[in-house]
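# Structural characterization, general
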Amino acid sequence: MREQRVLILGGTGGMGLATAKTLSANNFEVVIAGRNKEKLISASKALGDHSSFSVFDASNESELKSALIQHRGVDHIIVAISANANARGINNTLEMEARKAFERFWTSYNVLHLAPEYMNRNGSVTLLSGSSAKTPLRGYGVWGTLHGSINALVKQAAIDIAPIRVNAVSPGGIGINTDRQLTEHKGQVEDIADMIYAVIKNPAVTATIIDVDGGERLGTWNG
Ligand SMILES: NC(=O)c1ccc[n+]([C@@H]2O[C@H](COP(=O)([O-])OP(=O)(O)OC[C@H]3O[C@@H](n4cnc5c(N)ncnc54)[C@H](OP(=O)(O)O)[C@@H]3O)[C@@H](O)[C@H]2O)c1
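The following refers to the structure shown. (Residues numbered from 1 in each chain as written. Predicted model: local features only at pLDDT ≥ 70, side-chain atom pairs only at ≥ 80, totals over all residues. Heavy atoms only, no water.)

Regarding its fold elements, the protein presents 7 helices and 7 strands. Mapped in sequence order, the helices and strands of the protein form the string β-α-β-α-β-α-β-α-α-β-α-β-α-β. Relative to the globule expectation of 17 Å for 223 residues, the C-alpha radius of gyration of the protein, 17 Å, shows essentially globular dimensions. Projected onto the principal axes, the alpha-carbon positions of the protein cover approximately 50 × 35 × 35 Å. As presented, the protein carries roughly 10800 Å² of accessible surface, and 50% of it is formed by carbon and sulfur atoms. Side-chain charges in the protein split into 22 positive and 21 negative, and the spacing between the mean points of these groups amounts to 2 Å. (Helix = DSSP H or I, 4+ residues; strand = E, 2+ residues; numbered from the N terminus. Rg over C-alpha atoms; globule rule 2.2 N^0.38 Å. Areas by Shrake-Rupley, 256 points an atom, 1.4 Å probe, with all protein chains shown as cover. Lys, Arg positive; Asp, Glu negative; His and termini not counted. Charge placed at Lys NZ, Arg CZ, Asp CG, Glu CD.)

As C-alpha cells, this is what we get:
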C-alpha cells in the first residue's frame with residue numbers, strides 16, 4: 001500500500017513531472033493531470049506502477065470539479081500548471097495577455113474553493129508562485145503581480161480552508177536565466193520537487209511561501 005495520494009495539475013511539464021517522480025519514488029500514489037493525453041501517457045510510463053493520469057483542463061471549472069469528484073479523498077493537490085501568455089511589463093502588455101497569465105491565479109483559486117469538499121481535511125494544497133513577487137522589476141510587471149497575488153491567496157486560503165494546509169513554493173530562474181542566482185548551483189526542477197515533497201510531508205507547514213530561487217529574488221543580477 002502506498003502512503004498517500006497526490007493529484008498534480010500540470011504533471012507532464014518540468015516542475016510538475018519532476019515532483020511526480022520524487023513523490024512516486026517516496027511512496028506516494030501519484031495522479032498526474034494535463035490537457036494533452038499523449039504527453040500524459042508518456043509521462044506516466046516514466047513514473048511506473050503506482051501512478052495514473054487524468055485528462056482535463058484545470059482552468060475549466062466543470063472539468064476541474066468532475067476530476068475532484070473522480071479523485072475524491074485525495075490527500076494532496078499540487079498546482080503546477082503553466083500560463084501561456086506573452087506578458088511583460090504593465091506598460092507593454094495588453095489586458096488580454098495579462099488575463100491569460102492570470103488563468104494560473106484563477107485555477108489556483110478554484111482548486112482552493114472547490115477541493116475542500118472532496119479532499120482529505122488533513123491534507124494540503126501547494127501552489128507555484130515565483131521570485132518576481134518579491135522584487136518589482138522592469139519588464140516583469142504582469143508576472144510579479146500574478147505571483148504577488150498567488151502569495152496573498154496562499155495566506156488567506158490557509159485561514160479560510162483550514163485545517164487543510166495551503167502553501168506555495170516560489171521558484172526563480174529554474175532551467176532559465178540561471179545566471180541570475182547567487183549560488184554556484186544553478187536551479188533545477190528537482191530542487192522544486194524536493195521542496196514540494198518536504199512541504200506536503202510536514203504537518204506543521206501552512207500559510208507559507210518558500211523561496212527556492214538561489215537568491216534570484218534579491219534582484220542583484222539586475223544591477
Ligand atoms: N522557471 C522558473 O524559474 C519559474 C519561476 C516562476 C514561476 N514559474 C512557473 O512555474 C509553473 C510551472 O512551470 P514549468 O516550466 O514546470 O511548466 P511546463 O513545463 O510548461 O509544464 C506545464 C504543465 O501544465 C500543464 N497545463 C498547462 N495548462 C493546463 C491546464 N489549463 N490544465 C491542466 N494542465 C495544464 C501542461 O500540460 P498540458 O499542456 O498537456 O495541459 C504541463 O503538464 C509555470 O506556471 C511557470 O510560469 C517558473
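What follows is about the sheet that holds strand β2 (residues 28–34). One open sheet accounts for 7 strands, arranged β3-β2-β1-β4-β5-β6-β7; its pairing is parallel. Looking at the sheet topology across the chains shown, the edges are occupied by β3 (51–55) and β7 (208–212). Adjacent strand axes in the sheet meet at a mean angle of 20°, parallel and antiparallel pairs treated alike. Relative to the sheet, helix α5 (residues 103–114) contacts β1 (4–9), β4 (76–79), β5 (124–128) and β6 (165–171), its axis offset from that of β5 by approximately 175°. (Pairing = 2+ DSSP bridges. Axes fitted to C-alpha atoms, helices over the stretch in contact; angles between N-to-C directions. Contact = heavy atoms within 4.5 Å.)

Attention shifts here to the site of the ligand. By nearness alone, 27 residues border the ligand, and Thr12, Met15, Arg35, Ile81 and Ile174 come closest of all. The contact in question runs from an oxygen atom of the ligand to an N or O atom on the side chain of Ser82, over 3.5 Å. Separating an oxygen atom of the ligand from a side-chain N or O atom of Arg104 is a distance of 3.0 Å. (Near = heavy atom within 4 Å. Polar contact = N/O pair within 3.5 Å; in protein donor to acceptor, adjacent residues only side chain to side chain.)

This next bit is on unusual backbone geometry. Working note: non-glycine residues mostly have negative phi, and peptide bonds are mostly trans. Following Ala162, the chain continues into Pro163 via a peptide bond in cis, with omega recorded as 10°. Here Pro163 is to be found in the loop between α6 (141–160) and β6. At Asn27, a residue that is not glycine, the phi angle is positive and equals roughly 75°. By secondary structure assignment, the location of Asn27 is in the loop between α1 (14–25) and β2. The phi dihedral of Ala207 falls on the positive side, at around 60°, and the residue is not glycine. We classify Ala207 as partly exposed; its relative accessible area is 32%. (Buried < 20%, exposed > 50% of the residue type's maximum accessible area, 1.4 Å probe, protein only.)

On to the packing of aromatic side chains. Aromatic ring pairs are described here by two measures, namely the spacing of the ring centres and the angle between the planes. Going through the model one piece at a time under the given rule, you end up with 6 aromatic pairs. Three or more aromatic residues joined by ring pairs make a cluster, and in this case those are Phe102, Phe105, Trp106 and Tyr109. One residue, Arg180, lies across the ring of Trp221, its end atom 3.8 Å from the ring centre. (Phe/Tyr/Trp six-rings, centres within 6.5 Å; stacked < 30°, edge-to-face > 60°. Lys NZ or Arg CZ within 6 Å of the ring centre and 35° of its normal.)

On the surface, a cluster of nonpolar side chains totalling about 210 Å² of accessible area is made up of Ile41, Phe53 and Val55. Secondary-structure assignment places Val55 in strand β3. Looking at Val55, the relative accessible area reads 41%, which means it is partly exposed. (Patch = residues over 30% accessible without salt bridge, like charges linked within 9 Å, V, L, I, M, F, W, Y side chains within 5 Å. Salt bridge = Lys/Arg side-chain N within 4 Å of Asp/Glu carboxyl O.)

Our focus in this paragraph is the side chain of Gln181. Relative to the elements of secondary structure, Gln181 occurs in the loop between β6 and α7 (189–201). Within the structure, Gln181 has its side chain in polar contact with the backbone nitrogen of Gly187 (distance 2.9 Å). Residues within four places of Gln181 in sequence aside, it is in contact with Gly172, Gly173, Ile174, Lys186, Gly187, Asp213, Gly214 and Glu216.

Honestly, that's just the spatial picture; any functional story needs more than this.
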